[in-house]
Amino acid sequence: MTTDQRAEAVALSYDPGDGAPRVVAKGRGLIAEEIIERARAAGVYVHESPELLSLLMQVDMDERIPPELYVAVAELLAWLYRLERGEASPPA
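Since the structure is predicted, the reported quantities are computational estimates derived from the model, not experimental observations.

Analysis parameters
- Residues numbered from 1 in each chain as written.
- Predicted model: local features only at pLDDT ≥ 70, side-chain atom pairs only at ≥ 80, totals over all residues.
- Heavy atoms only, no water.
- Helix = DSSP H or I, 4+ residues; strand = E, 2+ residues; numbered from the N terminus.
- Buried < 20%, exposed > 50% of the residue type's maximum accessible area, 1.4 Å probe, protein only.
- Contact = heavy atoms within 4.5 Å.
- Areas by Shrake-Rupley, 256 points an atom, 1.4 Å probe, with all protein chains shown as cover.
- Expected span 1.5 Å × (residues − 1).
- Salt bridge = Lys/Arg side-chain N within 4 Å of Asp/Glu carboxyl O.

(A) Expanded view of the overall build of the protein chain. In terms of regular secondary structure, the protein chain is built from 3 helices and 2 strands. Reading the protein chain from its N terminus to its C terminus gives the helix and strand order β-β-α-α-α. With 92 residues in all, the protein chain has 27% of them scored as buried. Taking contacts inside the protein chain between residues at least 6 apart in sequence as the whole, the part at least 24 apart equals 50%. With an accessible surface of roughly 6700 Å², the protein chain has 52% of that area assigned to carbon and sulfur atoms.

As C-alpha cells, then:
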C-alpha cells in the first residue's frame, strides 16, 4: 500500500433469520485499520478482495447486501465455513 492509499474495510454479520448478511461496520483509514485489528483479535478471518470490498463499501450501514452480491458473499461464507471445519486452507 502506498502512502496515498487508505485502507478500507467492511464487516458483515449474518443471522440465518435475517435473509441476507448485513453491513455492520465499514470505514477508511484509521477506522478500517481498527475494524481489521478487532476482527483479527476476535479470531475472525479477514478476507482481502478489492473488487468485493468496493461493492460492499457502497452498501449503507445496517443494510442487507443487495441480491447482486448474494452469490459472491455466499461463496465466501461457504469457504469460511469449510475453513473453520478444517476442510479448506486459506489462499496463499
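There is more to say, and it comes next.
(B) Summary view of helix α1 (residues 30–41). Here α1 spans 16 Å end to end across 12 residues, near enough to the 16 Å set by a 1.5 Å rise per residue. Where α1 is buried, its residues touch β1 (8–13) and β2 (22–28). Just downstream of α1 lies Gly43, where phi reads positive at about 80 degrees.

(C) A look at the pattern of salt bridges. Inspection of the entire model under this criterion finds 5 salt bridges. As a salt-bridge pair, Glu8 and Arg28 come within 2.8 Å of each other at their nearest N and O atoms. Here Glu8 is found in strand β1, whereas its partner Arg28 is found in strand β2, with 20 residues between them in sequence. Accessibility expressed as a relative area gives 30% for Glu8, which makes it partly exposed. Under the relative-accessibility criterion, Arg28 is labelled partly exposed at 43%. As a salt-bridge pair, Arg64 and Asp18 come within 3.3 Å of each other at their nearest N and O atoms. Here Arg64, found in the loop between α2 (50–56) and α3 (70–84), pairs with Asp18, found in the loop between β1 and β2; they are 46 residues apart in sequence, far enough to count as distant. Assessed through its relative accessible area of 41%, Arg64 is described here as partly exposed. Judged by its relative accessible area of 17%, Asp18 is buried.

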